[in-house]
Amino acid sequence: MEGNEGMYDPQAVEAKWQARWADQGTYQIDNDDPRPPFYVLCMYPYPSGPAHQGHVRNYTFGDLLVRNRTMHGYGVLSPIGFDSFGLPAENAAIRTGAHPRVFTDARIEELKASLKGMGAVYDWRREIRSHDPAYMRWNQVIFQHFLEAGLAYRKKAPVNWCPGCQTVLANEQVLSDGTCERSGDLVVKRDLEQWFFRITAYADELQAALDDLEWPERVKTMQRNWIGRSEGAEFELEVADKEVAIRVFTTRPDTSFGMTFVVLAPEHPLVDQITTPEHKDEVAAFIERVRGETDIERQSTDTGLEKRGVFTGAYAINPFNNTRVPIYLADYVLMTYGTGAIMAVPGEDQRDWDFAAAYGLPVIRTKQPPDGWVGEAYTGDGPTINSAWLDGITDVPTAKATAIDWLEAQGLGERKVNYRLRDWLVSRQRFWGCPIPVVYCPAHGIVPVPESELPVLAPDDVEFRPTGESPLRYNAAFLNTTCPICGGPAERETDTMDTFVDSSWYFLRFCDPWTEGEPFSHEAVEHWMPVDQYIGGIEHAILHLLYARFYTRALADLGFAPKELREPFKRLFTQGMIRMGGSKMSKSKGNLIAPSKYYETVGADSLRLFHLFVGPPTEDFDWSEQTDEVIDGCHRFLSRVWRLASGTADRVKVVDRSPLPPDLEVEKGTHRLIDRVTRDYDRWSYNTAVAACMEFVNELYRYLQSDEGGRTETLAYAVDRLLELMAPMTPHITAELWELRHGEGTTVHTQVWPVADPDLVRVETETMVVQVNGKVKDRLTVLALIDEPEAIRLAVASPKVQEHLAGRPIKRVIARPPKLVNIVV
């Protein structure tokens, strides 16, 4: 019964349609397109070479959405670009002598070929490469406006330094064991003059606005924790016998009567001043050791605290009760949070309790634990104790407010909001990045390069050597310049910008990459932004997304973008990663599986279908030896679709559609498929959408083999709807089959998305058999689409079943709704 209009040749089909989409500009879109706008964006990739399966997975999801929204009548913006600056290209230059630009451009072409080979469609006219001088110019213009507005500044700061990469690392690039995620070298601390962006100026807004975003809750939680907003009090502790005071920040000033010691960060500026002579050597040795630890190591709870602190010999005065408490240094206190000093209340904080136990320090509880409490630090509610005028207050907010009122009345402190978020360090001591557009003049200090002289471009004749400074430092022609103000000798800044800068506004440039005189037009941004659907990995849940949110606000406030634009990404989807051998699939791990071998055998559509079918898009997937079998199964399924659809192409005719039972059931099945796949697309349940299509194809083959042999029109209608529903998933084969069935010049991707007839979708009932230990005890009439929890609930609640259970505990339940529930007792 299976037709055969030529064998399915995926390579020929895919080459044909990829060329046609490119030649016709099918998915190019103009900013004045009259259709309602919809902006789909996958995080733009770093071009390290051909695509791997992680790319295929991510960009298949995006491409599906582009095609689906287009069939729903939207004018869809789908751009692509390349995050082309970064360490790998420069490290390759150091190894081989090849210029980073040459290396990067070659990798971009490889990646573009891979993306085009999978059938992903973009408006390639809008392509962005972050090393393009036109893009760099606007990076530099924006930097100078940040500088003028006080959002960019320079200061000396301790930074994470990787001796292998010879550059500064962001905190997230340092692994939990203190090594660099790329080179594996042990990261150390250095004090360097660095450029920063004042992201903390937007901390409150960045935190508050998270509530309204349609993002995964865990991503919003990660951002909230990173921003780390905390309300409390800041007050002074006088140092006994010294003319200095230590400012501390606490979220629980109501526990201050329980303060039994004070802890400073080793970098605290008062350490030298307060340390007594007999403790100086021990303190100096401790500080030297801590300088070799990362912030992640210092905040770890895995290491015993007995070796993580040192006594300074000094004492502070607790202003709440005028008692003397010892002052320690500890590595887990950071200068980057609060004041770099904490009051320690071991009765209410477990880490303080552990430290007190390690160093023999007293514990004073200020909250009464419940009767029978056998733990250590107690952090729950209860009446305040051992706290003089706070005793008896039972609710924490009242106790906190009373303590802060007292501090302010005494002139010792005030209410304060602190953040874990630190300003964004953007300096990188490397060549392959966007140069920071300032010069240093002996007379005028930091001077911006005039906008008319931008972009500042790095020369090609540099020597790539791992010195710890940018190669630009050793290029006299670049380094030596003149001051734009006085014309005297000056030096250029040789640091380059963090690559996160490039990815913090590229989505705005995509809206209008052609306008001269501005990075993008307000009109284009108003038309497209915010991005309707952003797609990318969970590894970017904190910094990239946070920086992009900051940049969007700053650009709006500086007049580059519409003032009302505050959030860049309306919806966010974070796909699961592909692992191999226990590690994320990536070039740096050396565990890539290139898609080209599948393009050349089973075809891109089979590979795309596999990535949609293999599991929920949010879940990780382990690539294994059995994976090829699943991909081959997807290819076999598409071959069945090919035979089914091509075999009916010459038999389509109009006949009387009287509702013979087999035909009516096929019609109902078709409309139920439309309803199910549409809903599955909307909820990102692509694996179940694929499964539904596979089940439907089986039903159509059974229909063909029935006694009636299948009505031509009924089958034609069903197959056409199947092709429309599969068109976003497997675009090449569906396009070819549609043209084969409907004639040259027709395309499935311009069809209007099918709509299910509610009368044909209407749910019917089934008889569900209920068994106890495999024996039938009842039969229940249930909805045909009943889910498993409801089926189990009804089965267990059946009076006949309850009679046979007789109070015996249920060991397990085997449910196959709507047909069967078996209760094992």
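Structure: see above.
Residues numbered from 1 in each chain as written. Predicted model: local features only at pLDDT ≥ 70, side-chain atom pairs only at ≥ 80, totals over all residues. Heavy atoms only, no water.

Details of the sheet that holds strand β14 (residues 413-418)
At step 1: Here we have three strands laid out as an open sheet, ordered β9-β8-β14, and antiparallel in their pairing. Of all the strands in the sheet, just β9 (245-250) and β14 have a single pairing partner and so form its edges. Averaged over all adjacent pairs, the angle separating strand axes in this sheet is 30°, with direction ignored.
At step 2: Bridge analysis of strand β8 (residues 230-238) against β9 gives six bridges, and the strand direction is antiparallel. The partner of E234 across the bridge, within β9, is F249. (Pairing = 2+ DSSP bridges. Helix = DSSP H or I, 4+ residues; strand = E, 2+ residues; numbered from the N terminus. Axes fitted to C-alpha atoms, helices over the stretch in contact; angles between N-to-C directions.)

Looking at the packing of helix α3 (residues 87-96) against helix α4 (residues 100-117)
At step 1: Contact pair α3 / α4: the axes reach a minimum separation of 8 Å and the direction vectors enclose 125°. Considering their axes alone, α3 and α4 lie oblique with respect to each other. For the crossing formed where α3 meets α4, the hand is right-handed. Contact with α3, carried on its side by P88, A89, E90, A92 and A93, involves P100, F103 and T104 of α4 and no other residues of that element.
At step 2: Split into classes, the residues belonging to the contact of α3 with α4 amount to six nonpolar, one polar and one charged. (Parallel < 35°, antiparallel > 145°, perpendicular 65-115°, else oblique. Left-handed = near helix turned anticlockwise from the far one by under 90°. Contact = heavy atoms within 4.5 Å. Nonpolar A, V, L, I, M, F, W, Y, C, P; charged D, E, K, R; others polar.)

Let's talk about the packing of aromatic side chains
Aromatic rings considered in pairs are described by the distance between their centres and by the relative angle of their planes.
At step 1: Inspection of every chain in the model, using the stated rule, returns 52 aromatic pairs.
At step 2: Here the aromatic rings of F257 and W389 are separated by 5.5 Å at their centres, their planes lie at 75°, and the arrangement is edge-to-face. With F257 in the loop between β9 and β10 (261-264) and W389 in the loop between α11 (350-359) and α12 (396-410), the pair connects residues that are 132 residues apart, well separated along the chain.
At step 3: Summarising the aromatic geometry, the rings of F500 and Y547 are spaced 5.4 Å apart at their centres and angled 75° between planes, so their arrangement reads as edge-to-face. You can see F500 sitting in helix α14 (residues 499-502) and its partner Y547 sitting in helix α17 (residues 543-557), a full 47 residues away along the chain. Across this residue pair, the class does not change: F500 and Y547 are buried.
At step 4: Following the ring pairs from residue to residue traces out a cluster consisting of F143, F146, W195, F197, Y202, W424, F500, Y547, F550 and Y551.
At step 5: Positioned over the ring face of W17 is R20, at 4.3 Å from the centre of the ring.
At step 6: Geometry around F38 places R69 over its ring, the cationic atom sitting 5.8 Å from the centre. (Phe/Tyr/Trp six-rings, centres within 6.5 Å; stacked < 30°, edge-to-face > 60°. Buried < 20%, exposed > 50% of the residue type's maximum accessible area, 1.4 Å probe, protein only. Lys NZ or Arg CZ within 6 Å of the ring centre and 35° of its normal.)

Brief notes about the sheet that holds strand β17 (residues 438-441)
As a general point, the strands of a sheet are linked pairwise by backbone hydrogen bonds and lie either parallel or antiparallel.
At step 1: With respect to topology, four strands assemble into an open sheet ordered β18-β17-β20-β19, the strand pairing being antiparallel. At either end of the open sheet lies a strand with only one pairing partner, and these are β18 (445-448) and β19 (480-482). When the angles between neighbouring strand axes are averaged without regard to direction, this sheet yields 45°.
At step 2: Bridging between β19 and strand β20 (residues 489-492) involves three bridges; their strand directions are antiparallel. Each bridged residue has a counterpart across the sheet, and for N480 the counterpart in β20 is E491.

Re the environment of P617
At step 1: Tracing the backbone through its elements, the reader meets P617 in the loop between α19 (604-613) and β26 (621-622).
At step 2: Judged by its relative accessible area of 2%, P617 is buried.
At step 3: Once the C-alpha coordinates of P617 and Q575 are considered, the two residues, 42 residues apart in sequence, prove to be 5.5 Å apart.
At step 4: Once residues within four sequence positions are removed from consideration, P617 is found in contact with R57, F61, F573, Q575, G576, W684, Y686 and N687.

Brief notes about α12
At step 1: With 15 residues, α12 should reach 21 Å at 1.5 Å per residue; the first-to-last C-alpha distance of 21 Å fits that figure.
At step 2: Along α12, the residues that are buried comprise V396, A399, A403, I404, W406 and L407. Across the axial projection of α12, the buried residues extend over an arc of 155°, all falling on one side. More than 90 degrees from the buried face of α12, the exposed residues found are P397 and A409. (Expected span 1.5 Å × (residues − 1). Arc of directions from axis to C-beta.)

None of this, on its own, says anything about what the molecule does.
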